[in-house]
Amino acid sequence: MELPRKVLVVGGGGREHALVSALAASPSRPAVYCAPGNAGIAAEAEIVELSPDSAVGIERLLEFARSSAIDLTVVGPEAPLVLGIADRFEEAGLAVFGPPAAGARLEGSKSFTKEFLARHHIATAAFEVFEEAADARRHVESCPLPVVLKADGLAAGKGVIVARERREALEAVDAILLERRFGEAGRKLVVEEFLEGAELSLMVITDGSSYLPLETAQDYTAAYDGGLGPNTGGMGAFSPHRPLGEPAMQRVLQSVIRPTLAGLREEGIAFRGVLYAGLMLTRGGPRVLEFNVRLGDPETQPILYRLRSDFLAVVTAALAGTEAPPDETLARQVLEWDPRPAVCVVAASGGYPGSYRKGLRIEGFDAAFQSTPPGELKIFHAGTARGPSGEVVTAGGRVLGVTALGATREEARRRAYRALEEIRFEGMSYRRDIAAAE
Ligand code: AMP
Ligand code: GLY
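In this convention, every chain numbers its residues from 1, walking through the sequence in written order. Chains carry letters from A onward and ligands carry numbers from 1 onward, assigned in written order. Side-chain atom pairs in this predicted model are given and counted only at pLDDT of 80 or more, local residue features only at pLDDT of at least 70, and totals for whole chains, interfaces and linings cover all residues. Here the side-chain values reflect all heavy atoms present in the structure, with hydrogen atoms and water set aside.

All right, on to the overall build of the chain then. Secondary structure elements follow DSSP: runs of H or I no shorter than four residues count as helices, runs of E no shorter than two count as strands, and numbering proceeds from the N terminus. Across its full length, the chain carries 13 helices and 20 strands. With C-alpha atoms as the basis for the radius of gyration, the globule rule is written as 2.2 Å multiplied by the number of residues raised to the power 0.38. Relative to the 2.2 N^0.38 estimate, which gives 22 Å for 438 residues, the radius of gyration of the chain is 21 Å and therefore close to what a compact globule would have. Here's how the labels work: a residue is buried when its accessible area is under 20% of the maximum for its type, exposed when over 50%, partly exposed in between, all with a 1.4 Å probe on protein chains only. Here the chain holds 438 residues, and 58% of them are scored as buried. Only heavy atoms matter for contacts: two residues are in contact if any of them lie within 4.5 Å across the pair. A sequence separation of at least 24 residues applies to 69% of the contacts in the chain between residues at least 6 apart.

This part covers the nonpolar core. Only buried residues count toward a nonpolar core. Its members are Ala, Val, Leu, Ile, Met, Phe, Trp, Tyr and Cys residues joined through side-chain atoms within 4.5 Å. Of all hydrophobic cores here, the largest spans 43 residues; its most connected members are Leu-8, Leu-61 and Ile-257. Ignoring any residue separated from it by four or fewer positions in sequence, one finds Leu-61 in contact with Leu-8, Val-10, Ala-35, Val-48, Leu-50, Pro-52, Ile-85 and Phe-89. Residues Val-20, Ala-217, Tyr-305 and Phe-380 belong to the second largest nonpolar core, which totals 42 residues.

We define a salt bridge as a contact between a side-chain nitrogen of Lys or Arg and a carboxyl oxygen of Asp or Glu at a distance within 4 Å. Counted under the stated rule, the structure contains 34 salt bridges. Residues Asp-174 and Arg-137 are paired through a salt bridge, measuring 2.7 Å at the closest nitrogen-oxygen approach. One end of the pair, Asp-174, is in helix 8 (residues 166–178); the other, Arg-137, is in helix 7 (residues 133–142), with 37 residues separating them in the sequence. Residue Asp-174 is classed as buried on the basis of its relative accessible area, which comes to 18%. Judged by relative accessible area, which is 29%, Arg-137 ranks as partly exposed. For Arg-180, the salt bridge identified is with Glu-184, shortest N-O distance 3.5 Å. The exposed category is assigned to Glu-184, whose relative accessible area is 57%. Through salt bridges with shared partners, one network takes in Arg-308, Asp-338, Arg-340, Glu-376, Glu-411 and Arg-415.

We now examine the site of ligand 1. Consider each residue's heavy atoms; a residue with any of them within 4 Å of a molecule or strand counts as near. The full set close to ligand 1 counts 13 residues, and Lys-150, Glu-192, Glu-193, Leu-195 and Glu-199 are the nearest of them. Side-chain atoms alone can form a polar contact between residues adjacent in sequence; in general such a contact is a pair of N or O atoms within 3.5 Å, and within protein one must be able to donate a hydrogen while the other accepts it. Glu-193 has a polar backbone atom sitting 2.8 Å from a nitrogen atom of ligand 1. For ligand 1, an oxygen atom lies 2.4 Å from a polar atom in the side chain of Glu-199. Per-residue and other accessible areas follow the Shrake-Rupley method at a 1.4 Å probe size, with only the shown protein chains counted as cover for residues. In the complex, the protein chains occlude 81% of the 470 Å² of accessible area that ligand 1 would expose alone. Among the elements of the structure, strand 7 (147–151), strand 9 (189–193) and strand 15 (285–292) are those that each provide at least two residues to the shell around ligand 1. In the shell around ligand 1, the residues fall into seven nonpolar, no polar and six charged. Lys, Arg, Asp and Glu make up the charged group, whereas Ala, Val, Leu, Ile, Met, Phe, Trp, Tyr, Cys and Pro make up the nonpolar group; the residues left over, Gly among them, are polar.

Contact pair helix 5 (residues 101–108) / helix 6 (residues 110–119): the axes reach a minimum separation of 6 Å and the direction vectors enclose 100°. Between helix 5 and helix 6, the angle is such that the two are roughly perpendicular. Facing Ala-102, Arg-105, Leu-106, Glu-107 and Gly-108 of helix 5, the residues of helix 6 in contact are Lys-110, Phe-112, Thr-113 and Phe-116. Grouping the constituent residues of the contact of helix 5 with helix 6 by class yields four nonpolar, two polar and three charged. Fitted lines through C-alpha atoms serve as axes, helices being fitted only where they are in contact, and the angles separating the N-to-C directions of these axes extend from 0 to 180 degrees. When an angle is under 35 degrees it counts as roughly parallel; over 145 it counts as roughly antiparallel; between 65 and 115 it counts as roughly perpendicular; any other value is oblique.

Near ligand 2 you find Asp-219, Gly-233, Asn-292, Arg-294, Gly-296, Asp-297 and Glu-299, and these make up its full shell. Residue Asn-292 places a side-chain N or O atom 3.5 Å away from an oxygen atom belonging to ligand 2. Within the backbone of Asp-297, a nitrogen or oxygen atom sits 2.9 Å from an oxygen atom of ligand 2. When the residues that make up the shell around ligand 2 are grouped by side-chain class, the tally is no nonpolar, three polar and four charged.

Through backbone hydrogen bonds, the strands of a sheet pair up, either in parallel or in antiparallel fashion. Should DSSP find at least two bridges between two strands, the strands are regarded as paired. With antiparallel pairing, four strands are arranged side by side in an open sheet as 6-9-7-8. Sheet topology places strand 6 (127–130) and strand 8 (160–163) at the edges, where each strand pairs with a single neighbour. In this sheet, neighbouring strand axes are inclined to one another by 20° on average, regardless of whether the strands run parallel or antiparallel. Contacting strand 6, strand 7 and strand 9, helix 7 crosses the sheet at an angle of about 150° to strand 6. Packing of helix 8 onto the sheet brings it into contact with strand 6, strand 7, strand 8 and strand 9, and relative to strand 7 it is tilted by some 10°.

The next thing to look at is helix 5. Gly-103, Ala-104, Leu-106, Glu-107 and Gly-108 are the residues of helix 5 that are buried. Here the buried face of helix 5 lies against helix 3 (78–82), helix 6, helix 9 (246–266), strand 14 (273–282) and strand 15.

Attention now moves to the pairing of strand 10 (residues 198–206). In this sheet, strand 14 lies alongside strand 10 in antiparallel orientation, the contact comprising nine bridges. Within the sheet, the bridge partner assigned to Ser-201 lies in strand 14 and is Gly-278. For strand 10 and strand 11 (residues 211–213), the ladder comprises three bridges, and the chain directions are antiparallel. Of the residues in strand 11, the one forming a bridge with Ile-205 is Leu-212. The hairpin turn running from strand 10 into strand 11, its antiparallel successor, is four residues long, and Gly-208 in that turn takes a positive phi close to 105°.

Below, the structure written as structure tokens:
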């Protein structure tokens, strides 16, 4: 199969830096562009100063892709997918890796997802959907505790409340439906049964029917050590996760991934991209907590850093679907991984996930690389930019994803933290317990 020669990555965080690196490493040597990118991505791809975070932004990017003859667009974040970037690019005849808006609803609307799961008999927590606070309050007055309350729409990972006390649950109803703490995302409220078990995330690359599971990773979403503090986009991750065991993996694939893809097909949704299932492994089997319709951030950083296969070939196979030559279909791809574990620790701006300053000079990159054997450290940039005299400065809440390989998880972890000691910017903070033994 001929591989795309001009590839555009959409987004500007750590996940997109990892995508850019993986795509640029293809032996076919594609030209890689990234919109809007960041200071680290700028060293590996051509920056396109456009942000497809609105319908107008998507049209501008489409214009760029057309006029520059981009032959593959890979979408990192969920927001443009929910806005329909894949639909617009496909209508214009451009290849895009990422589902259409109808498929992105699996992430964009929790009530849609719950109803989809119910329609297709896929196991999930029992639930009810409310629009009226009075109805929701009445339900929550008498339901078993703990209970889980979820704002329907996109809330940057912050719209889920696990209430252990009735008062907390009632407050959450008011915060979401009356005070609109999550804005329009809280037009509807999903109230669901609390599930117990071990959590597992699984990402698969799919052409809509076949799928290829990626290596596993564990991420850390709480802001502070020991899982304390507010939820964030993710403060670190390591890959592989503790081994799940082949029977459990097969069970997840058979009881969740396959029926979800079949359900999407039945509903006429051509889902090409990444399906990310957040699961609870309960005593009664795996149940879906949520779906994402893109790669996880920061899980992607340690996962793709370990990938030895040509990621561009995998994405190309997913887009070709059944049109791919028989021995090059997605189902025939075998992913090869570096057996060594990778650990990614996120350096964040002081104050994140609350308010924080930007434009602070970041120093110590060279010393960080000198602290680690060559080829075993990668600093993925997230919120970074170039300052007035070309220096790298902070430009977001999550700033860097310092990612190291090691013979053991412990060695990878030590290396990531050793490198972090060399990096400095005012207010820099990070968790100390990423990938620590429990
Ligand atoms: P979600 O964004 O839906 O994955 O929810 C965020 C986190 O809330 C999950 O990773 C779980 O830790 C927790 N959670 C969500 N739904 C449930 C549930 N039904 N039972 C127990 N914990 C849940
Ligand atoms: N790290 C969680 C996510 O990407 O949604």
